[in-house]
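# Understanding the architecture of this molecule
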Amino acid sequence: MKPIILLLVSFFCVQSIFSQGIEGAWKWESTDESGKAMTGVVIIMNGFQVATWYDLENKEFIKTNGGTYRIDGDVMTETVEFDSADTSIVGETVSFRIQVTNDVFKLVDNDQILTRIDDGTPGALAGPWLISGRKRNGEIVERDTDRPRKTMKILSGTRFQWIAYNTATKDFLGTGGGTYTTKDGKYTENIEFFSRDNSRVGASLQFDFDIVDGKWHHSGYSSRGEPMFEVWSKRTK
């Protein structure tokens, strides 16, 4: 299997060629060095991407990484923001090429095949978001989204993932994800992996959501049953 970062950065080369056709979520099946089977999912939205490997049957999170990128022809150059398996590569840049036909990806010099899950629809919250506030004692306390300690949530049309990390210290702090729906003001998460506590895999959590002045207001109860009210802002850089 190719190194982790090869798989991640390669996806974005297509965006300059196929416009928005690269956006959404993609899936593949692979094995690790010991032959263990695992599922991979990458979410690609609005200049950001996150790829994750996990074993749903055994409720095992394996690894995740992601970052930003730039395009030059069919070459993608990614800057790594986080990597749960190798934090030493945070801040590094790497470049690769790919080929794409309809809804199938194939990495150049690699026989691994990826298939499309969705194209960024139908979910109402598709895109990358950074947590920018929480309600405390009835008032929203804002948070600086430019600081290196980040909590990002990235959603395609049907998949979501949150990641907590620090670009200054290179620390990876946690992640979780799976599928989601948005309907009648309700946002529902179905958890397929959780790095901190695999007992939460299989849980379905429903929240209220609203877009207020371009910000996502997210309220309800956490996976620990605690009341919460979060504000998320679209990530642009």
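Residues numbered from 1 in each chain as written. Predicted model: local features only at pLDDT ≥ 70, side-chain atom pairs only at ≥ 80, totals over all residues. Heavy atoms only, no water.

### Thoughts on the pattern of salt bridges
- Scanning all chains against the criterion turns up 10 salt bridges.
- A salt bridge links Glu-81 to Arg-235; the nearest nitrogen and oxygen atoms lie 2.6 Å apart. One end of the pair, Glu-81, is in strand β5 (residues 75–83); the other, Arg-235, is in the segment after β17 (227–234), and 154 residues separate them in sequence.
- What makes Arg-235 buried here is its relative accessible area of 6%.
- Among the salt bridges present, the one from Asp-146 reaches Lys-237, with a minimum N-O distance of 3.8 Å. With Asp-146 in the loop between β10 (139–142) and β11 (149–155) and Lys-237 in the segment after β17, this residue pair connects regions lying 91 residues apart in the sequence.
- According to the relative accessible area criterion, Lys-237 is exposed, its value standing at 65%.
- Ionic contacts of the salt-bridge type, sharing partners, join the residues Lys-36, Asp-55 and Glu-60 into one network. (Salt bridge = Lys/Arg side-chain N within 4 Å of Asp/Glu carboxyl O. Helix = DSSP H or I, 4+ residues; strand = E, 2+ residues; numbered from the N terminus. Buried < 20%, exposed > 50% of the residue type's maximum accessible area, 1.4 Å probe, protein only.)

### As for the environment of Val-108
- Its location among the elements puts Val-108 in the loop between β7 (104–107) and β8 (113–118).
- In this structure the C-alpha to C-alpha distance between Val-108 and Phe-96, which are 12 residues apart in sequence, comes to 8.1 Å.
- Once residues lying within four places of it in the same chain are set aside, the contact partners of Val-108 are Arg-97, Ile-98 and Gln-99. (Contact = heavy atoms within 4.5 Å.)

### With respect to the pairing of strand β3 (residues 48–55)
- Across the 8 residues of β3, 8 count as buried, placing the element largely inside the fold.
- Here β3 shows a buried face lined by Phe-48, Val-50, Thr-52 and Tyr-54 and a second buried face lined by Gln-49, Ala-51, Trp-53 and Asp-55.
- As paired strands, strand β2 (residues 37–45) and β3 are joined by 7 bridges and run antiparallel to one another. Among the inter-strand pairings, Met-45 is bridged to a residue of β3, identified as Phe-48.
- Two successive antiparallel strands, β2 and β3, enclose a turn made up of 2 residues, where Asn-46 displays a positive phi of approximately 55°. (Pairing = 2+ DSSP bridges.)

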